[in-house]
Every structure is written in C-alpha cells, then in structure tokens.
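# Residue-level structure breakdown
One-letter residues, chain by chain:
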Amino acid sequence: MSTLPLIQISTRLGNITVELDAAAAPKTVANILSYVDEGFYAGTLFHRVIPGFMIQGGGLTPDMATKPNHAQIENEATNGLKNNRGTLAMARTSIPHSATSQFFINLKDNDFLNYSSSTPSGWGYCVFGKVVEGMDVVDAIAKQPTGNRAGHGNVPREDILIDSVTRIEA
C-alpha cells in the first residue's frame, strides 16, 4: 500500500487515481491538495488533448473561461522526477515559476519537458505524481476528437468534464 497521498480524478469516461510525491515536490503537492480540498476542480475540463503527447486540465470551465487561481508557485522541476508516461506535471506559461491549478498527464515519455538548466528554456515542467490506476481512462481521453474553441486548440469536441478531484485513502 502507498503511504503517499492519493487523489482520484473523476470524469464521464472513468476515474484516474494518482499518487502524489510530496517528498519530491512538497510545494506543488501542497498547492494541488489545497485546490482539491476546496473542490476547485469540479466542473473544469480536460481542455487540451494532444494524442501521443499529453492531456491537460484543471483550470477552464466548459465555456472556456479560466477559473480564478491562487498565487503562482515555485517550479520544483529540479526534483529529479521525469516527464514519463503516466506522470502528472504542472502546466505553466513560458515563465518558469507560473504554475497555478492546471496540470497535465504525459501520454509518453516527454524528455524534452524535463529540467535541464535554470534558464527560461531549461526549467522544464514539475512532475509531482503518477497515475497508479486508470491509464485506460487517460488513453480514452487522448482518443477523443478535438478542434478549436474560443481561441483554444486541441479542445475535445465533447466536453471531458472533471466531475471531482478528491483525496482517497490508500
């Protein structure tokens, strides 16, 4: 049994169970759990789906509006965790320390997203967890047809709503 915190992401396509690595990414995990405890993710979308790359969610509503976020957090991508298939990482802008609520699940090993240096182009994306159950759901989300909506590309044509993200007991 895991002693690491577990969360469950519930969608219409099924549930995804994620083990969070608070030892490697303590600020990131604390940030995510604060959103989880507030019920923030209920009603947000997996709004960016790129087969062979990743699925991203946790910040936009079905009308493609951005939910109000907490302050940006420090990028902990120097923690040694890699953007491998099934890992959860923080989405951010081109500014290294700009992550808030959005996350993505890697569909393959995305080495180019890993930390390589403390430069704007080398910071990478902080991995803070991994899918321990429900990769079939992740892969099903990745197979959904996508298009453009409200200025966003790669949006599933049928909403992939996050019904809830909750803590679960190991």
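Rules of the game
Residues numbered from 1 in each chain as written. Predicted model: local features only at pLDDT ≥ 70, side-chain atom pairs only at ≥ 80, totals over all residues. Heavy atoms only, no water. 1 Å grid on protein atoms, 1.4 Å probe; cavity = no way out; pocket = protein on both sides within 12 Å on 5 of 7 lines; lining within 4 Å. Points joined across faces, edges and corners; volume = space filled by probe spheres on them. Nonpolar A, V, L, I, M, F, W, Y, C, P; charged D, E, K, R; others polar. Buried < 20%, exposed > 50% of the residue type's maximum accessible area, 1.4 Å probe, protein only. Helix = DSSP H or I, 4+ residues; strand = E, 2+ residues; numbered from the N terminus. Pairing = 2+ DSSP bridges. Contact = heavy atoms within 4.5 Å. Core = buried A, V, L, I, M, F, W, Y, C linked by side-chain atoms within 4.5 Å.

Here we take up the layout of surface pockets. Its volume calculated, the largest pocket comes out at about 250 Å³. Lining the largest pocket are 16 residues, with Gln56, Ala91, Arg92, Thr93 and Gln102 positioned closest to its centre. Here the residues of the lining of the largest pocket are counted per class, giving seven nonpolar, seven polar and two charged.

Because side chains alternate across strand S5 (residues 87-90), one face comprises the buried residues Thr87 and Ala89, and the other comprises Leu88 and Met90, equally buried. Looking at chain direction, S5 and strand S7 (residues 127-133) are connected through three bridges and run antiparallel. Across the sheet, residue Thr87 finds its bridge partner in S7, namely Lys130. Pairing between S5 and strand S6 (residues 103-106): three bridges, direction antiparallel. Looking across to S6, one finds that Leu88 is bridged to Ile105.

Let us look at the environment of Ala142. Tracing the backbone through its elements, the reader meets Ala142 in helix H2 (residues 135-142). Sequence separation between Ala142 and Thr87 is 55 residues, and the spatial gap between their C-alpha atoms is 15 Å. The contacts of Ala142, once residues within four sequence positions are left out, are Val49, Pro51, Ile55 and Leu107.

So, about the nonpolar core. Core analysis: the biggest nonpolar cluster contains 35 residues, and Ile16, Tyr41, Phe46, Ile55 and Phe128 have the highest contact counts within it. Aside from chain neighbours lying at most four places away, what touches Ile55 is Phe46, Arg48, Val49, Phe103, Phe104, Ile105, Leu107, Val138, Ile141 and Ala142. Among the nonpolar cores identified, the runner-up in size contains eight residues, and Met54, Ala91, Phe104 and Leu113 belong to it.

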